[in-house]
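Fold and geometry: a report
Each chain is listed here by its residues.
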Amino acid sequence: MNGIHHVTAIAGSPQENIDFYAGVLGLRLVKRTVNFDDPLTYHLYYGTEIGAPGTILTFFAWPNSFPGRPGNGQVNATALAVPVGSLGWWQERFNGNLVSHDRPLRRFGEEVLPFRDKDGLPLELIAVDDDRPAWKGGGIPEQYAIRGVHCVTANEEGYERTAVLLTETMRFLAVGQEGNRFRYRAAEGRGMIDILCTPDGPRAGGGAGSVHHIAWRVPDDADQLAWRKTLVHAGMNVSPVLDRQYFHSIYYREPGGVLFEAATDQPGFAVDEAPESLGRALKLPPWLEQAREQIAGGLEPIKLP
């Protein structure tokens, strides 16, 4: 598996979500569509210019949803890569936009700035050398702009069984340990996961401001089917392949309870609109087009900053 494909979280107000991620963070809204399993609610995708795998944050926007509860069995921090030397600029921007944040800290030799979005979702900026291109249309100077997802942190009661899945089945590499934090990196591509071992911690609860799942990259459909067989052989309960229009997905829970997805790189977000027009119109999959009027009429109007 070639690193992180995307991270999906739960939001409350879709407009506040857009204002924060496209406005404050300067990411591109690359797709406005609906939750295919709950089509009267938005599914919003953010990333860099074309929404390359590894740069994507997505949100199920459920207005008036209850707040989530951080804890074991959940990704409790999503870290985004920014250029080295940019964290001071981001602190000033957060202060100017009333964004809740902590003081920078160091982890595995990297400078980290923890912060939270409007729903309380824990996020981090990590200053690293990252050659991925930034989105230049988001109002953030290029020398400070976000490059993509760097890593995620999952709290778990114990790390051993998850470590076996990651290293022996998914072929990740164990690359570091700091106290009760264990880091694993995809053998190919970008993307890491930190397992924070918190045996006395509470169990997580889903809701606004919590991560729903993390998706790992697989190149194509054939690779995905091969991985499905491998995961089933390893004892995972794996979903059938699901068509998410912009990628195909399979889902399974790792031993600590975090929902994993394996998502294909193709066909990508330009499959139903031109690259220069990404995110401007409501896009629906073919099986929902006949209900477009009903769906659009039930959605809260939204606009880009």
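Structure: above.
Residues numbered from 1 in each chain as written. Predicted model: local features only at pLDDT ≥ 70, side-chain atom pairs only at ≥ 80, totals over all residues. Heavy atoms only, no water.

**Observations regarding the sheet that holds strand S3 (residues 38-47)**
Selection rule: Strand pairing is assigned whenever DSSP identifies at least 2 bridges connecting the two strands. A run of DSSP states H or I qualifies as a helix once it reaches four residues; a run of E qualifies as a strand once it reaches two. Both are numbered from the N-terminal end.
With respect to topology, eight strands assemble into an open sheet ordered S2-S3-S4-S1-S13-S16-S15-S14, the strand pairing being mixed. With one partner strand each, in any of the chains shown, strand S2 (28-35) and strand S14 (242-243) form the two edges of the open sheet. Direction of pairing for strand S1 (residues 4-11) relative to strand S13 (residues 211-218): antiparallel, over a ladder of five bridges. Bridging across to S13, Val7 finds its partner in Ile214.

**Side note on the pattern of salt bridges**
How we decide: By salt bridge we mean one thing: a side-chain nitrogen of Lys or Arg within 4 Å of a carboxyl oxygen of Asp or Glu. Burial status follows relative accessibility: with a 1.4 Å probe on protein chains alone, a residue under 20% of its type maximum counts as buried, one over 50% as exposed, and anything between as partly exposed.
Going through the model one piece at a time under the given rule, you end up with 13 salt bridges. In this structure, Glu110 engages Arg183 in a salt bridge whose closest nitrogen and oxygen atoms are separated by 3.8 Å. Here Glu110, found in strand S7 (residues 110-116), pairs with Arg183, found in strand S11 (residues 181-185); they are 73 residues apart in sequence, far enough to count as distant. Judged by relative accessible area, Glu110 falls into the buried class, the value being 18%. A network of salt bridges, in which partner residues are shared, links Glu110, Arg181, Arg183 and Asp194.

**A word on the environment of Asp130**
Definition in use: Residue contacts follow a heavy-atom distance rule, with two residues in contact if any of their heavy atoms lie within 4.5 Å. N or O atoms within 3.5 Å of each other form a polar contact, as long as, within protein, one can give a hydrogen and the other can take it, and as long as residues adjacent in sequence are counted only when both atoms are side-chain atoms.
Mapped onto the fold, Asp130 is located in the loop between strand S8 (122-127) and strand S9 (148-156). Separated by 42 residues in sequence, Asp130 and Phe172 have C-alpha atoms that sit 20 Å apart. Dropping the residues within four chain positions of it, Asp130 is found in contact with Ala81, Arg147 and Arg190. A distance of 2.7 Å separates the side chain of Asp130 from the side chain of Arg132, its partner in a polar contact.

**Regarding the sheet that holds strand S10 (residues 173-178)**
Applied cut-off: Axis geometry follows a simple rule: fit a line to the C-alpha atoms, using only the stretch in contact for helices, then measure angles between N-to-C directions, giving values from 0 to 180 degrees.
Taken in spatial order, the eight strands of this open sheet run S6-S7-S8-S5-S9-S12-S11-S10, and their pairing is mixed. The sheet is open, and its two edges are formed by strand S6 (105-107) and S10, each paired on a single side. When strand polarity is set aside, the average angle formed by the axes of neighbouring strands in this sheet is 30°. Where helix H2 (residues 87-96) meets the sheet, its contacts fall on strand S5 (74-82), S7 and S8, and the angle it forms with S7 comes to roughly 10°.

**Regarding H2**
In plain terms, the rule: The arc in question is the one traced by the directions running from the helix axis out to the C-beta atoms.
Among all positions of H2, only Leu87, Trp90 and Phe94 are buried. Looking straight down H2, one finds that the buried residues subtend no more than 55° of arc, so they occupy a single side. Exposed side of H2, more than 90 degrees from the buried face: Glu92 and Gly96 are the residues found there. On the buried face of H2, the contacting elements are helix H1 (14-24), S5, S7 and S8.

**Digging into the packing of aromatic side chains**
How we decide: For Phe, Tyr and Trp, where Trp contributes only its six-membered ring, two rings pair if their centres lie within 6.5 Å, and the inter-plane angle classes them as stacked under 30 degrees, edge-to-face over 60, or tilted in between.
A complete count under the given rule lists 19 aromatic pairs for this structure. Where Tyr45 meets Phe247, the ring centres are 6.4 Å apart and the plane angle is 65°; that geometry is what we call edge-to-face. You can see Tyr45 sitting in strand S3 and its partner Phe247 sitting in the loop between S14 and strand S15 (248-253), a full 202 residues away along the chain. For Phe247, a relative accessible area of 3% corresponds to the buried category. A centroid spacing of 4.6 Å and a plane angle of 10° characterise the contact between Trp89 and Tyr144, whose relative ring orientation is stacked. Placement of Trp89 in helix H2 and of Tyr144 in the loop between S8 and S9 is noted, with a sequence separation of 55 residues between them. Residue classification places Tyr144 among the partly exposed positions, given a relative accessible area of 21%. These aromatic residues form a ring-pair network of at least three members: Phe20, Tyr21, Tyr46, Phe59, Trp89, Trp90, Phe94, Phe115 and Tyr144.

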